[in-house]
Amino acid sequence: MLSFIARSAVQKTITLFFVSIVSFLIIHLAPGKPSQVNPLNPKFTPELVERFRKAFHLDEPLYRQYVYFYRDLLTGKIVSWKDSRPVLKKIWDRFLNSLPLFIVGTLLTWTLSFPLGIRSAIYRGGIYDRTVTFFSYLLISIPGFFFAYVLIIFVVTRFHVPVIGMETFGLGGGSWPPMIMDRIWHLLLPSVLGATGGIAVLSRYVRSQMLEVEGQDYIRTAHAKGLHPDQVHYKHALRNALLPFVTMFGLILPGLIGGSVIIESIFSWPGMGRMAYEAILARDYPVILTVNFVSAVLVLAGTFISDVLYMVADPRIKL
Amino acid sequence: MQAPTATYSFSEDLEAPLAPRKTRVQEAWGMLRSNKLAFTGLVIFLIFFVIAVLGVFLTSGTNPVFDPAMVRLQEKLRPPLSRPRVEVLSPEQVPTLGIYLFGTDDLGRDVFSRMLQGAWVSLTVGFVAVGISVLIGIFMGGLAGYYGNAFVNSGHISCVILMSLTGIFLYLGLPLFSLFSAFAFAIVCYLSIKQVAPLSIPIMSIDTLIMRIVDIMLCFPSFFLILTVVALLPASMYNIMIVIGLTSWMGAARFVRAEFLSLREQDFVMAAKALGLRDLRIIFRHMMPNALGPVLVSATIGIASAILTEAGLSFLGFGVPPPHATWGNILSDGKRFIFDAPWLTFVPGIAILIVVLAFNLFGEGLRDILNPKLRERSI
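Note that the structure is a prediction, hence the values are computed from the model and not measured.

(A) How the structure looks around the overall build of chain B. Check the secondary structure of chain B and you find 15 helices and 2 strands. For 379 residues, the compact-globule formula gives about 21 Å, and the C-alpha radius of gyration of chain B, at 28 Å, lies well above that figure. Along the first, second and third principal axes, the C-alpha atoms of chain B reach 85 × 85 × 35 Å. Counting the 379 residues in chain B, one finds 39% classified as buried. For chain B, restricting intrachain contacts to residue pairs at least 6 apart in sequence, the fraction spanning at least 24 positions comes to 72%.

Following this line, the structure appears as structure tokens:
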């Protein structure tokens, strides 16, 4: 166990190092310069550009820029080019905004897809199974931004509540219950949208795992010795089918940071995805690279956690 | 049905060749016909293909049949199936069908023509991007699966470093340095072919190397990476295709590698090797056809996700530059009018949904058809 942890720590550090190089090169070798963001701006005189280039080491060779950048990042001193605020602080603020979306979305995904998947595996081939299957394909295939507008049209015309943004502007100072309801309405749509794809995929996966276990001999034995079907399904089958999902707890970690650019843009939600999108538009390289780096760290940490969880959950596995 | 009559003799029956009654293609076709959802997917895909190809011919050229760029400011935001008001239009502005089948947008352009034009973008982006990713995936996966045991030694690595140095110096405009490193490259190559001692220290196996590259690629958040690169590069359809292709080959590579690892140990590959066939022939003639099944399935589903990615990029305003219509940017233009002109959202949205759904269903059906366990059960 300890040797596995040490080995994978070394391996993942090396991977992270290469990721940092590749992302740095992609950003810096792309055509166009960050100092030319807005050539039409009259305040952008050549002297200013020169000062800008000097302040952010843009006049130095690429490898030195790389060293400066990652030194600043690891010591936490890295600042955004756009507003000179510390990037890590900026990301943390936006992360706190994205967190409710992520939590509600994840809860919805995990609480809905298990009952759906298990039931459709038990009644395999029946009308329920086929309906769930069809709807999960529908949800996988629907473009998120289109579904967002369908939901907005539905909710706004049916319930007459505003849904764009994090809260209705100017409602502060009112009494508590309407404010909380307002927050919930604003939170509901983006998190449902974030969860749809997850529910569709995860419920399919639950179904196939359940089907695999239900075909085993010990399930037939359990049926044959006259156990109640509920006990067979939920005690004997489900517990064994759950094993792969233990590892998926690690894999939801990267979802903290990506995958919400479009939804956050539509709902004007000041979260991580939107910040990344704005940084890309403004060619704010420190923010882009930091988001990339943090998400790579989360991916690696996620796979590591899932490996460890797998070992803990299944003693047969030795890595 | 007529009862079979015993007109043929036993000897004939025994001497007849013992080939299976149905070929594999016929069998697959039969299974596809019996899988209703997958068959529907295939039919929708074929219809979409025909529409997209027809759309290119009907909407391009100097005087197209359906003009997607014809602006009619008198006829803004007309609902679907409404008749044009002929009295306010000049003769060439009247839509070809005599009716606005899908309505008009905020500039009075016919949405039907724009949808026709956009179909081609979705189709080509889907196919070319997945083509690129499958080619890279097959190459990398095949390399890792077939030559995986071979070692990369220090000579190889220094060759690659020197070669890229040559390129970098050339790019930076330092021809002298470039010439020097090219010369060093030639010497190191020669020495490492001769297997001189310090250049033949094994570092890692090819399999490890390629799988580490896959790991590195998997660390990038894919949509964010695509968005970054597309935003930095000049806007064009080809950039999107290439970027989506370059960032999505990892799945195909893993599938091909896994298949090759198991195929490599099988008797028919051993037999082919014993016959003295060249490696390339063994790989492409004997192993690849057996490894393509999972790749085909993941490619079909990959087309669906590439279409979705392209639509998402167009929606955010990247990709194909504006006068050209794509399904994503029709929807994006229409989002300002979702309550006044919902058809600008629903027409492209439902079109994307149907096409992506068709590819997903067909891909899943293909998975069942190519699954040998299910095939045995069906006979």
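Read on for the rest.
(B) Structural view of the overall build of chain A. Helices and strands together make up the secondary structure of chain A, namely 13 helices and 0 strands. In chain A, buried positions account for 32% of the 319 residues. A fraction of 72% describes how many contacts in chain A between residues 6 or more apart in sequence connect residues 24 or more apart.

(C) Inspection of the environment of Ala311(B) at higher detail. Along the polypeptide, Ala311(B) turns up in helix H12 (residues 279-316). Taking the C-alpha atoms as reference points, Ala311(B) and Val125(B), 186 residues apart in sequence, are found 9.9 Å from one another. If near-sequence neighbours (up to four positions away) are discounted, Ala311(B) is found in contact with Pro143(A), Trp327(B), Gly328(B) and Ile352(B).

(D) Spotlight on unusual backbone geometry. The phi torsion at Ser268(A) lies on the positive side, around 50°, for a residue other than glycine. One non-glycine residue, Leu81(B), lies in the positive phi region at around 65°. Positionally, Leu81(B) belongs in the loop between helix H3 (36-59) and helix H4 (111-146).

(E) Structural view of the interface of chain B and chain A. Facing the 33 residues of chain B at the interface are 35 residues of chain A. Secondary structure elements with two or more residues in the side of chain B that touches chain A: helix H7 (206-218), helix H8 (222-232), H12 and helix H14 (343-370) of chain B. Counting residues per element, the side of chain B that touches chain A draws most heavily on H14(B), which supplies 8 residues. The residue inventory of the side of chain B that touches chain A, partitioned by class, reads 25 nonpolar, 5 polar and 3 charged.

(F) View of the environment of Arg204(A). Residues and elements named next belong to chain A. As for its placement among the helices and strands, Arg-204 is situated in helix H7 (residues 176-214). A count of 20 C-beta atoms within 10 Å places Arg-204 in the buried class. With 91 residues separating them along the chain, Arg-204 and Ser-295 place their C-alpha atoms 26 Å apart.

(G) Fine view of the nonpolar core. Counting residues in each nonpolar core, the largest one holds 125 residues, and the members touching the most others are Ala276(A), Met115(B), Val230(B) and Ile307(B). Broken down by element, the residue count for this core peaks at 17 residues, all from H4(B). Excluding residues within four positions of it along the chain, Ala276(A) makes contact with Val261(A), Ile288(A), Val291(A) and Phe224(B).

(H) Molecular detail of the environment of Gly165(A). Residue and element names in this part refer to chain A. One can find Gly-165 in the loop between helix H6 (144-159) and H7. A count of 12 C-beta atoms within 10 Å places Gly-165 in the exposed class. Contacts of Gly-165, omitting those with residues within four sequence positions, involve His-186 and Ser-268.

(I) Spotlight on helix H1 (residues 2-29) of chain A. With 28 residues, H1(A) should cover 40 Å at 1.5 Å per step; its first-to-last C-alpha distance of 40 Å lies within 8% of that length. Listed in full, the buried residues belonging to H1(A) are Thr15(A), Val19(A), Ser23(A) and Phe24(A). Looking at the buried residues of H1(A), the elements they touch are helix H3 (62-75) and helix H13 (285-313) of chain A together with H7 of chain B.

(J) Molecular detail of the confidence of the model for chain B. With 92% of its residues at a pLDDT of 70 or more, chain B shows a mean pLDDT of 83. Note on the complex model: pTM 0.85, ipTM 0.86.

(K) Looking closely at the confidence of the model for chain A. Averaged over every residue, the pLDDT of chain A is 84; the share at 70 or more is 93%. When pLDDT is averaged over each element of chain A, helix H8 (residues 217-224) of chain A comes out on top at 91 and helix H2 (residues 46-55) of chain A at the bottom at 74.

(L) Examining H4(B) more closely. In this model, H4(B) (36 residues) spans 51 Å end to end at C-alpha, consistent with the 52 Å of a helix rising 1.5 Å per residue. Here H4(B) lies mainly inside the structure; 28 of its 36 residues are buried.

(M) Quick peek at the packing of H3(B) against H4(B). Residues and elements named next belong to chain B. Taken N-terminus to C-terminus, the directions of H3 and H4 make an angle of 120°; their axes are 8 Å apart at the nearest point. With respect to their mutual orientation, H3 and H4 come out oblique. Like other packed secondary-structure pairs, H3 and H4 cross with a definite hand, here left-handed. Between H3 and H4, the contacting residues are Phe-48, Phe-49, Ile-51, Ala-52, Gly-55, Val-56, Leu-58 and Thr-59 on the first element and Ser-113, Leu-116, Gln-117, Ala-119, Trp-120 and Leu-123 on the second.

Criteria and cut-off values
- Residues numbered from 1 in each chain as written.
- Chains lettered and ligands numbered in written order.
- Predicted model: local features only at pLDDT ≥ 70, side-chain atom pairs only at ≥ 80, totals over all residues.
- Helix = DSSP H or I, 4+ residues; strand = E, 2+ residues; numbered from the N terminus.
- Rg over C-alpha atoms; globule rule 2.2 N^0.38 Å.
- Buried ≥ 20, exposed ≤ 12 C-beta atoms within 10 Å, placed from the backbone.
- Contact = placed C-beta atoms within 7 Å.
- Nonpolar A, V, L, I, M, F, W, Y, C, P; charged D, E, K, R; others polar.
- Core = buried A, V, L, I, M, F, W, Y, C linked by C-beta atoms within 7 Å.
- Expected span 1.5 Å × (residues − 1).
- pLDDT = per-residue confidence, 0-100.
- Axes fitted to C-alpha atoms, helices over the stretch in contact; angles between N-to-C directions.
- Parallel < 35°, antiparallel > 145°, perpendicular 65-115°, else oblique.
- Left-handed = near helix turned anticlockwise from the far one by under 90°.

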